[in-house]
Amino acid sequence: MSQEAIYPPPAAFAAQANVPSLEAYQALCAKAAEHPEEFWGELAQKELHWFAPYKNVFEWNPPFVKWFTGGKTNIAYNCLDRHLATNGGKVAFHWEGEPGDTRTITYAELHRLVCRFANVLKSRGLNTGDRAIIYMPMVPEAAVAMLACARLGITHSVVFGGFSAEALRARIQDLGAQAVITADGGWRRKKEVRLKDAVDESLAGCETIHTVIVHRRTGSNIHMQAGRDFYWADLEAALDPATANDCPAVELDSEHPLYVLYTSGTTGKPKGILHTTAGYNLFLHMTMKWVFDLKPSDVYWCSADIGWVTGHSYIVYGPLSAGATSIMYEGTLDTPDFGRWWSIVERYKASILYTSPTAIRALIRQGEQWPEKYNLTSLRLLGSVGEPINPAAWEWYHRVIGGSRCPIVDTWWQTETGGILIAPMPGAVALKPGSGTFPMPGVLPEVVDLSGKPVPAGAEGYLVLRRPWPAMLRTIWGDPKRYEEQYWSRVPGVYFTGDAARRDAGGYLWVLGRVDDVMNVSGHRLSTMEVESALVKHPAVAEAAVVGKPHEITGQAVCCFVTLKQGAHDHEALGKELRQWVAHEIGSFARPEEIRFTEGLPKTRSGKIMRRLLREIVTTNSVSGDVTTLEDLSVVSKLAAQQEDD
Ligand code: WT7
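Report on the accompanying structure. (Residues numbered from 1 in each chain as written. Predicted model: local features only at pLDDT ≥ 70, side-chain atom pairs only at ≥ 80, totals over all residues. Heavy atoms only, no water.)

### Some points on the site of the ligand
Around the ligand, a shell composed of 17 residues is seen, among which D410, T411, T415, D499 and R525 lie nearest. At a separation of 2.8 Å, a nitrogen atom of the ligand approaches a polar backbone atom of T411. Side-chain polar atom of Q414 to an oxygen atom of the ligand: 2.9 Å apart, as the coordinates give it. Relative to its free-state accessible area of 560 Å², the ligand is covered by the protein chains to the extent of 96%. (Near = heavy atom within 4 Å. Polar contact = N/O pair within 3.5 Å; in protein donor to acceptor, adjacent residues only side chain to side chain. Areas by Shrake-Rupley, 256 points an atom, 1.4 Å probe, with all protein chains shown as cover.)

Next up, the structure:
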């Protein structure tokens, strides 16, 4: 057998780490597994502020769980107020806009901004139990809006700025939101993303929204509807100056709905993943210390967008709860050139960088000359998230960015898990490139077959989780039945992640990717059905089947097989049009890489499209396995042959 690369924790790193040895990590796991109530209960008391103590650490009525029942707390209080006495002057965010504008915001300043904006929300009649959509660029106001909602107990739903008006409307309606918080636009690759225009389009025919609050970012011309649309600054200016800065955090139940974040499932309809207050807060707080080894002196940078769960948990709630100084950056990694990120690391002396394999691969392609121009010696820890990281990208990240001195934490988790579930504690665990290594304390992953039986070491199986953890999703918004079916019935009694994995002889976990009809494009989750539904809305399209195709940079790319309605079609023009169509229906990140026109799609006799075959065609250019259930075998060979002609 070939020797696997293994990287023990550097001695200097372990010596200063929050969890400094394998024994220390194992002790945490043993306690969490054997005495979960004591384990989480002690941490909750030590690490969070409570307005009223909880009665039970957790109540588990499978598949529904409640944590810290009876307790009263507020995550915005834990992120802001409690730091003020000792750390009010500490920087919460070093923010940098894409055009180069910068802003430094201390905890005291952030607290003030959040209180003022919470008062703005109140002035528009919004309060505990209401719902607000946040559709913003990567500006501090996005975090302010989230925290102001959390402060009042308004359940927020952040919609990534790359989503279309159509996608935004679907989310507004599903959530039954009363307000939208947005901006005129944001900057991306020197172009304006016109967010308010998309909001206007999405609100046509939408009854529930009575208020749209607009932050001025780009200063461009936008439409403002009288009585509904208000500028953030105008509403703030209208507050009574004597009380504008005062807004006590509402004492909320531990299980108060903090936010709903929509993510792609196996059907065309996105799932509204519900996260609640106390358990989520505690789990993020702990993973900041365990996985990112956070210290008061760190400058931490998570390069995600606030519109995805990584931004929620590891730009806003986790780092602020743990009192970190963070970097927030608005733009892309190639603007104005591929040195941008490294210039940010150098200028702010970032010590922890958390990013995605897609970004790393894009940077590798540009060569080492970009990072070489900058001083990256402030970095002490690197992180990866979103998809499996290929060992070659891992090695490059380790050597070129981390100067061969920084451990890499490969963090496996999902929108549904709320926080990191599988990742090394970097002072304790020896790393194997491409493996997420071991679980967080209290998290019990297993690799099983569909009957729930563990598969032998080294074998591939389904990744499932045996126990509820504090940041676990509570349900799918408005659809508890779908929650049960989707996560708790594929393998009886356990949480089904949708990922394949294997555990090697040393116990290391290797997550291999999705086993369902979910694609992963640049670490963004996208359902094949969602893209198919968008395509068949086009008047020329009869049928569509969509699969993920391996892609050097983005991991997977969207590949569409399309049959057309009768009539003459210019394939080249229509291909372009359909790619644009999907971008308009879902969002630019969903734009297909490839549209292939075909005369038929491979189907089973019961009419189900055999995506497995299509996946095989785009991956290997050939087809194997059992195809006897095909309605028309010739369809497959034609598709495969066509591929070879290309
Ligand atoms: C899916 C979840 C977690 C926040 C970003 C994505 C894949 C995520 C890893 C990793 C292998 C990973 C899985 C998972 N994934 N991180 N470190 N190694 N795969 O959140 O959009 O909910 O997607 O991303 O397939 O199920 P998401």
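Back to the text.
### As for the sheet that holds strand 21 (residues 445-448)
The strand order 21-22-23-24 describes an open sheet built from four strands, whose pairing is antiparallel. Two strands lie at the open edges of the sheet, namely strand 21 and strand 24 (509-514), each paired on one side alone. Strand-to-strand twist in this sheet, taken as the mean axis angle between neighbours without regard to direction, amounts to 45°. Judged from the five bridges that link them, strand 22 (residues 460-465) and strand 23 (residues 495-503) form a sheet pairing that is antiparallel. Bridge pairing links Y462 to A500 in strand 23. (Pairing = 2+ DSSP bridges. Helix = DSSP H or I, 4+ residues; strand = E, 2+ residues; numbered from the N terminus. Axes fitted to C-alpha atoms, helices over the stretch in contact; angles between N-to-C directions.)

### Observations concerning the sheet that holds strand 20 (residues 408-411)
Spatially, 5-4-17-16-18-19-20 is the arrangement adopted by the seven strands of the open sheet, whose pairing is mixed. Each edge of the open sheet carries a strand with a single partner, namely strand 5 (102-106) and strand 20. Strand-to-strand twist across the sheet, computed as the mean angle between neighbouring axes with direction ignored, equals 20°. Against the sheet, helix 12 (residues 340-348) touches strand 4 (91-96), strand 5, strand 16 (299-302), strand 17 (325-329) and strand 18 (352-355), its axis set at about 145° to strand 4. (Contact = heavy atoms within 4.5 Å.)

### A look at the environment of P336
As for its placement among the helices and strands, P336 is situated in the loop between strand 17 and helix 12. For the pair P336 and C406, spaced 70 residues apart in the sequence, the C-alpha separation amounts to 27 Å.

### Structural notes on the packing of aromatic side chains
Within the structure shown, the criterion is met by 39 aromatic pairs. Summarising the aromatic geometry, the rings of Y259 and Y280 are spaced 5.4 Å apart at their centres and angled 85° between planes, so their arrangement reads as edge-to-face. Of this pair, Y259 sits in strand 14 (residues 257-263) while Y280 is found in helix 10 (residues 278-290), placing the two residues 21 residues apart along the sequence. Like Y259, the residue Y280 is buried in the burial classification. Between W301 and Y329, the ring centres sit 6.4 Å apart and the planes meet at 80°, which makes this aromatic pair edge-to-face. Here W301, found in strand 16, pairs with Y329, found in strand 17; they are 28 residues apart in sequence, far enough to count as distant. Y329 shares its class with W301; the two are buried. Members of the aromatic cluster, joined through ring pairs, are F39, W40, W50, Y54, F58, W67, F68, F283 and W290. Here R171 stacks its cationic end above the ring of F163, 4.3 Å away from the centre of that ring. The ring of W510 carries the charged tip of R502 above its face, separated from the ring centre by 5.2 Å. (Phe/Tyr/Trp six-rings, centres within 6.5 Å; stacked < 30°, edge-to-face > 60°. Buried < 20%, exposed > 50% of the residue type's maximum accessible area, 1.4 Å probe, protein only. Lys NZ or Arg CZ within 6 Å of the ring centre and 35° of its normal.)

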